[in-house]
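# Analysis of the macromolecular model
Here is how the chains run, residue by residue.
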Amino acid sequence: MRKKIVAGNWKMNLDYNEGLALFSEVVNMVKDEITGSQITVVCSPYIHLHSLAQLAKGYDKVAIGAQNAHQNESGAYTGEISAKMVRSTGAEYVILGHSERRQYFGEDNQLLAAKTDTALKNGLKPIFCIGETLEEREADQHFDVIKTQLKEGLGHLSTEQFEQVVIAYEPVWAIGTGKTASAEQAQEIHAFIRNEIAEAYNQEVADNTTILYGGSCNPKNAPELFAQADIDGGLIGGASLKSRDFTDIVKVFN
Ligand code: PGA
């Protein structure tokens, strides 16, 4: 059975002490709430990773992730962080292809394919983000956009490699806008994604892939979204910065 995942994406928020304080609160609140095949992942800025991984020891259903990693193994890339460095902190996941990285840092599908390879090689599980912009949805191009992002970003992976990947569908128009996709809109895309995976690999691989929804997910809308057949949890931005809201979202699967 595929894993249910609620992942927090702190983005560029919280200094070192604030991050540790929030994480301690979250772990205390969620530790007895994570049931069955569910896990909770917190994706923090790099500065928190090692400390959070230490704090998460002993909680096998709480994992840590980064929000990016470089496509090259190492070298003269001042200011960058490699996948190996991320893994060495104890982090297990890395968000790749977040729309903010695509939009503000020019990350395209080809680059993301390379980042995925390097992350996997270094033992990180990618949370690979895909999603259409408002213009693309209004032009009725959303299925094509998703299909291309999947094919160009992940299409080259072997079955074994693909099994390490978590997909996050995040319609760009829903991120940080307070405008969430309706449960029907999200389910429609999630079913489409699962079908694309079945065609590229096989039905079993598709059935085992965790597909998250992201974009203004909160304790109010999460129950309806997570009740959809192909939605296996969420990638949570704003609401992951409030321990109560994040915990309430984790508890939706109880
Ligand atoms: P949001 O962000 O929940 O604040 O919309 C989601 C994300 O960007 O991952």
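The structure we're discussing is the one just above.
Residues numbered from 1 in each chain as written. Predicted model: local features only at pLDDT ≥ 70, side-chain atom pairs only at ≥ 80, totals over all residues. Heavy atoms only, no water.

Turning our eyes to something else, we now look at the site of the ligand. The ligand sits among 13 residues. The nearest are Lys11, His98, Glu170, Gly176 and Ser216. Side-chain polar atom of histidine 98 to an oxygen atom of the ligand: 2.6 Å apart, as the coordinates give it. Contact distances for the ligand include 2.8 Å between an oxygen atom and a backbone N or O atom of glycine 238. Protein burial of the ligand: of its 280 Å² of free accessible surface, 94% is covered by the chains. Residues that form the shell around the ligand fall into these classes: four nonpolar, seven polar and two charged. (Near = heavy atom within 4 Å. Polar contact = N/O pair within 3.5 Å; in protein donor to acceptor, adjacent residues only side chain to side chain. Areas by Shrake-Rupley, 256 points an atom, 1.4 Å probe, with all protein chains shown as cover. Nonpolar A, V, L, I, M, F, W, Y, C, P; charged D, E, K, R; others polar.)

Phe23, Ile167, Ile193, Tyr213 and Phe226 are the most contacted members of the largest nonpolar core, which has 63 residues in total. The leading source of residues in this core is helix H9 (residues 183-200), at seven residues. Apart from the residues lying within four places of it in its own chain, the contact partners of isoleucine 167 are Phe128, Ile130, Leu150, Leu154, Phe162, Ile193, Thr209, Thr210, Ile211 and Leu212. Core analysis: the next-biggest nonpolar cluster, separate from the first, contains 14 residues, Ala63, Val166, Ala168 and Leu235 among them. (Core = buried A, V, L, I, M, F, W, Y, C linked by side-chain atoms within 4.5 Å. Buried < 20%, exposed > 50% of the residue type's maximum accessible area, 1.4 Å probe, protein only. Helix = DSSP H or I, 4+ residues; strand = E, 2+ residues; numbered from the N terminus. Contact = heavy atoms within 4.5 Å.)

The calculated volume of the largest pocket comes to roughly 500 Å³. Around the largest pocket, the lining comprises 17 residues; the ones closest to its centre are Lys11, Met12, Gln67, Arg101 and Phe105. When its residues are assigned to classes, the lining of the largest pocket shows seven nonpolar, six polar and four charged. (1 Å grid on protein atoms, 1.4 Å probe; cavity = no way out; pocket = protein on both sides within 12 Å on 5 of 7 lines; lining within 4 Å. Points joined across faces, edges and corners; volume = space filled by probe spheres on them.)

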